[in-house]
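Coordinate inspection notes
Letter by letter, the chains look like this.
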Amino acid sequence: MKWTIWRFLADGANTSVLTGVGSIEDLLKLVVNILVLGLGVAGVVGVVWAGILYLTARDNEQQAARAKTRLIEVAIGLVAWALMYTALQFLVPGGLTF
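Residues numbered from 1 in each chain as written. Predicted model: local features only at pLDDT ≥ 70, side-chain atom pairs only at ≥ 80, totals over all residues. Heavy atoms only, no water.

Take the overall build of the protein next. Within the protein, the regular secondary structure consists of three helices and zero strands. The helix and strand sequence of the protein, counted from the amino end, reads α-α-α. Burial statistics for the protein: of 98 residues in total, 19% are counted as buried. Long-range contacts, defined here as pairs at least 24 residues apart, represent 50% of the contacts in the protein between residues at least 6 apart. Surface exposure of the protein reaches about 7700 Å², of which carbon and sulfur atoms provide 69%. (Helix = DSSP H or I, 4+ residues; strand = E, 2+ residues; numbered from the N terminus. Buried < 20%, exposed > 50% of the residue type's maximum accessible area, 1.4 Å probe, protein only. Contact = heavy atoms within 4.5 Å. Areas by Shrake-Rupley, 256 points an atom, 1.4 Å probe, with all protein chains shown as cover.)

This is how it looks when you write it as structure tokens:
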């Protein structure tokens, strides 16, 4: 008998994408962790982008001011992100784990 992917799937292979999710609470933790990590990555990208804007401003004061404004906005966003994560650690039973 030829061994194919269809035979493998027919024998009861686990094809679930969410293997560690057994309850709504686990699903909530997974979704929140993905969002928290995504916001952290977006914050880092924002800081890098503001740095590039500032470095390439040279004598353009308007671009330098725009870069400083963007950096302040990203800093405020990262502080709000940290406060949100702290609040979720308190609200979700058992806390959020990676």
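Okay, back to it.
Now for helix H2 (residues 24-55). Look at H2: 46 Å from first C-alpha to last across 32 residues, which is about the 46 Å you get at 1.5 Å a residue. If you check which residues of H2 are buried, you get Lys29, Val32, Asn33, Val36, Gly40, Gly43, Gly46, Ala50 and Leu53. (Expected span 1.5 Å × (residues − 1).)

Below, the discussion takes up the confidence of the model for the protein. When pLDDT is averaged along the protein, the result is 80, and 73% of the positions lie at 70 or above. Averaged over each element, pLDDT in the protein is lowest for helix H1 (residues 5-10) (55) and highest for helix H3 (residues 61-91) (90). (pLDDT = per-residue confidence, 0-100.)

Following both chains from N to C, one finds H2 and H3 inclined at 160 degrees, their axes separated by 9 Å at the closest point. Taken together, the axis directions place H2 and H3 in an arrangement best described as roughly antiparallel. Two packed elements cross with a definite hand, and for H2 against H3 that hand is left-handed. Among the residues forming the contact of H2 with H3, the class breakdown is 17 nonpolar, four polar and three charged. (Axes fitted to C-alpha atoms, helices over the stretch in contact; angles between N-to-C directions. Parallel < 35°, antiparallel > 145°, perpendicular 65-115°, else oblique. Left-handed = near helix turned anticlockwise from the far one by under 90°. Nonpolar A, V, L, I, M, F, W, Y, C, P; charged D, E, K, R; others polar.)

Considering the arrangement of structural elements, one finds glutamine 63 in helix H3. The exposure class of glutamine 63 is buried, given its relative accessible area of 15%. One polar contact links the side chain of glutamine 63 to the main-chain carbonyl oxygen of leucine 53, over a distance of 3.3 Å. Setting aside residues up to four positions removed in sequence, glutamine 63 forms contacts with Leu53, Thr56 and Ala57. (Polar contact = N/O pair within 3.5 Å; in protein donor to acceptor, adjacent residues only side chain to side chain.)

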